[in-house]
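Letter by letter, the chains look like this.
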Amino acid sequence: MTSQVRGSQLARLLGQWHALPGRRRSPDYAALAAAVRGLLADGRLPLGVRLPAERELADALRISRTTVSAAYRQLRETGHLASRRGAGSWTMLPGTHRVASSGLWTPSDDRDMLDLGIAALAAPPQLLPAARAATEDLPRYLGGAGYHPTGIIELREAVARGYTERGLPTRAEQIMVTSGTQHALDLVLRLMLPPGGGVLVESPTYPNGLASLAARRARITTHGLSTDDAGWDGELLLGSLRQGRPKLAYLIPEFHNPTGHLMPAELRERLVATAHSVGTDLIIDESFVDLPLDDTVLPPPTAAYDRHSRVISIGGMSKPYWGGLRIGWVRASAPQVQRLAAARVGVDMASPVLDQLVAVHLLADAPAIVADRRRQLTAQRDVLIDALAARLPEWRVTVPRGGVTLWAELDGPISSALARAAEDEGVRLAPGPRFGLDGTLERFLRLPFTLPAADLVEAVGRLAAVRYDLDRAVRPQWREPAVIA
Ligand SMILES: Cc1ncc(COP(=O)(O)O)c(C=O)c1O
């Protein structure tokens, strides 16, 4: 999919490009080239998009065409731009980085390791009673074969009720239970994405989502989120849909992983309308929707704006309840659910009945469990932010209004180096590039606040020491990455 950035769009992304550090020392063309490289490295300007013609960008930035020409020349020389006479110039990165087709590795069972690679809480105390109660229910199912490709009816009803209570009337026939949200995504991609089909994702985004897309040979394009409060740039996001007309877009509007952004209602409405007009189906990942923090009010679900079955919502129990349950779901039209169930029969047939019964019991107690989780997460988030402010004050964080992660902007492109060094000090990290394509996002680090407060403080202390050492030692080592979730 070739997508083009207009002069006015690039000018907006560049912002105060000529006020960047070093401006006094470097000429305008070099400052402009550096700013474009920065946008590429941060994943805000996607790779493989056509930049505006020199004249157009010169007009938009109110500078001379010679300056733009020289900047483009420098970008070509550094391997950030490929040009063909008469056809234009495309963004690229030096070298050939690619997304790994598998995002998962087996975590080691090192108990002293503080694992900040995983953004998920330990099980709530209500889990064990729910599991006991589920075994009492099991006899009702033992007379049948136990295969329920769309899920047991009690759980489908409970999940449908949850959507209805959020303002999106939903029937059990519109729900299919899966083995986690990741499984839901994979099944939806199997059904809806032809090999090589185009998919638009946010940058940064959830790494295992990228792994699913890579496994289905998706042609991935990105919408770069800003690091400030806004997150999505509506005009650019909708512009990418109109230009690229991807088959699918995979988006995380509620407390986006990793940035924690929340998409406003007005953009949800425009997103669904635009997706419909260009023929794009939206996969909306609602993994974190139950976890608004402070008094954040949730906008209506994205699917509430859908009149044409363009939106497939996926979600699950892992973030508010427990990842070890492996219960997720898809909300779609009833015919789509039937097609998904047919596709599933060739994969894993059905989800375990007992686990689904545990989920039913947990959902019956949802208000109390989720309120506890939100209190716990709010306290841990605040501890993490305070610890960062005290020990690593050069790092910038925007306080997320929900979810379980911070997206820290570091004091340099050091994320991978920091992650490698931190492992030696007993802290496992998910460095920024894991959340993007092609080795971008080295200036960012995802920090989950899912560990207990004391562990978070300890981890930040170790990170501060590692950061200090990093300037003094060069350690060109490679280590096997661990699981990220
Ligand atoms: C955005 C997002 N989607 C999906 C998943 C996978 O969730 P599950 O454990 O339900 O498969 C995660 C887990 O980290 C996630 O953050």
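Structure: see above.
Source: prediction; values computed, not measured. (Residues numbered from 1 in each chain as written. Predicted model: local features only at pLDDT ≥ 70, side-chain atom pairs only at ≥ 80, totals over all residues. Heavy atoms only, no water.)

### Considering the site of the ligand
Close to the ligand lie 14 residues, the nearest being Thr181, Asn257, Asp285, Ser318 and Lys319. Between an oxygen atom of the ligand and a side-chain N or O atom of arginine 326, the distance comes to 2.8 Å. Burial of the ligand by the protein amounts to 95% of the accessible area it has alone, namely 400 Å². Tallied by class, residues from the shell around the ligand come to 5 nonpolar, 6 polar and 3 charged. (Near = heavy atom within 4 Å. Polar contact = N/O pair within 3.5 Å; in protein donor to acceptor, adjacent residues only side chain to side chain. Areas by Shrake-Rupley, 256 points an atom, 1.4 Å probe, with all protein chains shown as cover. Nonpolar A, V, L, I, M, F, W, Y, C, P; charged D, E, K, R; others polar.)

### What to know about the pairing of strand 4 (residues 88-91)
Note: strand 3 (residues 81-84) against strand 4, 4 bridges, orientation antiparallel. When the bridges of strand 4 are listed, serine 83 appears paired with serine 89. Hairpin connection between strand 3 and strand 4: a loop of 3 residues separates the two successive antiparallel strands, and glycine 86 in this loop has a positive phi of roughly 85 degrees. (Pairing = 2+ DSSP bridges. Helix = DSSP H or I, 4+ residues; strand = E, 2+ residues; numbered from the N terminus.)

### A few points about the sheet that holds strand 15 (residues 430-431)
Spatial strand order, 13-16-15: 3 strands in an open sheet with antiparallel pairing. Each of the sheet's edge strands pairs with one partner strand only, and the pair in question is strand 13 (405-409) and strand 15.

### Quick look at the packing of aromatic side chains
Summed over the entire model, instances satisfying the criterion amount to 2 aromatic pairs. Judged by centre distance (5.6 Å) and plane angle (75 degrees), the rings of tryptophan 407 and phenylalanine 435 are edge-to-face. Of this pair, tryptophan 407 sits in strand 13 while phenylalanine 435 is found in the loop between strand 15 and strand 16 (444-448), placing the two residues 28 residues apart along the sequence. Residue tryptophan 407 is classed as buried on the basis of its relative accessible area of 8%. Centroid distance tryptophan 407 to phenylalanine 444: 5.4 Å. Interplanar angle 0 degrees. Geometry classified as stacked. You can see tryptophan 407 sitting in strand 13 and its partner phenylalanine 444 sitting in strand 16, a full 37 residues away along the chain. (Phe/Tyr/Trp six-rings, centres within 6.5 Å; stacked < 30°, edge-to-face > 60°. Buried < 20%, exposed > 50% of the residue type's maximum accessible area, 1.4 Å probe, protein only.)

### Here we look at the pairing of strand 9 (residues 248-251)
A two-sided burial pattern is seen for strand 9, the buried positions comprising Leu248 and Tyr250 on one face and Ala249 and Leu251 on the other. Strand direction decides the pairing type here: strand 7 (residues 198-203) and strand 9, joined by 3 bridges, are parallel. Within strand 9, the position partnered with valine 199 by the bridge is leucine 248. Here strand 9 pairs with strand 10 (residues 281-285) via 4 bridges, running parallel. Within the sheet, the bridge partner assigned to alanine 249 lies in strand 10 and is leucine 282.

### A look at the packing of helix 8 (residues 181-192) against helix 12 (residues 334-345)
It is the contact of helix 8 with helix 12, at a shortest axis distance of 10 Å, that shows an interaxial angle of 100 degrees. Between helix 8 and helix 12, the angle is such that the two are roughly perpendicular. Contact residues: helix 8 offers His183, Leu187, Val188, Leu191 and Met192, while helix 12 offers Gln336, Arg339, Leu340 and Arg344. Here the contact of helix 8 with helix 12 is built from residues that sort into 5 nonpolar, 2 polar and 2 charged. (Axes fitted to C-alpha atoms, helices over the stretch in contact; angles between N-to-C directions. Parallel < 35°, antiparallel > 145°, perpendicular 65-115°, else oblique. Contact = heavy atoms within 4.5 Å.)

### Regarding the sheet that holds strand 10
One open sheet accounts for 7 strands, arranged 6-12-11-10-9-7-8; its pairing is mixed. Looking along the sheet, the strands with just one partner apiece sit at the ends: strand 6 (175-178) and strand 8 (219-224). Within this sheet the neighbouring strands show an average axis-to-axis angle of 20 degrees, counted without direction. Bridge analysis of strand 7 against strand 8 gives 6 bridges, and the strand direction is parallel. Counted as the bridge partner of valine 199 is isoleucine 220 from strand 8. Contacting strand 7, strand 8 and strand 9, helix 10 (residues 234-244) crosses the sheet at an angle of about 165 degrees to strand 7.

### So, helix 5 (residues 127-137)
The complete set of buried residues in helix 5 reads Leu127, Ala130, Ala134 and Asp137. Seen along its axis, helix 5 keeps its buried residues to an arc of 70 degrees; they face one direction. When the buried face of helix 5 is taken as reference, the exposed residues oriented beyond 90 degrees from it are Leu128, Arg132 and Glu136. On its buried face, helix 5 sits against helix 6 (139-142) and helix 13 (353-364). (Arc of directions from axis to C-beta.)

### A few points about unusual backbone geometry
Between serine 203 and the following residue, proline 204, the backbone shows a cis peptide bond with an omega angle of 0 degrees. The topology assignment puts proline 204 in the loop between strand 7 and helix 9 (207-215). The residue after asparagine 257, namely proline 258, is reached through a cis peptide bond having omega 20 degrees. In this fold, proline 258 is placed in the loop between strand 9 and helix 11 (265-278). Look at arginine 217: it is not a glycine, yet its phi comes out positive at around 60 degrees. Take arginine 217: it is sitting in the loop between helix 9 and strand 8. Residue classification places arginine 217 among the exposed residues on the basis of a relative accessible area of 59%. For arginine 245, which is not glycine, the phi dihedral falls at a positive 40 degrees. Within the secondary structure, arginine 245 sits in the loop between helix 10 and strand 9.

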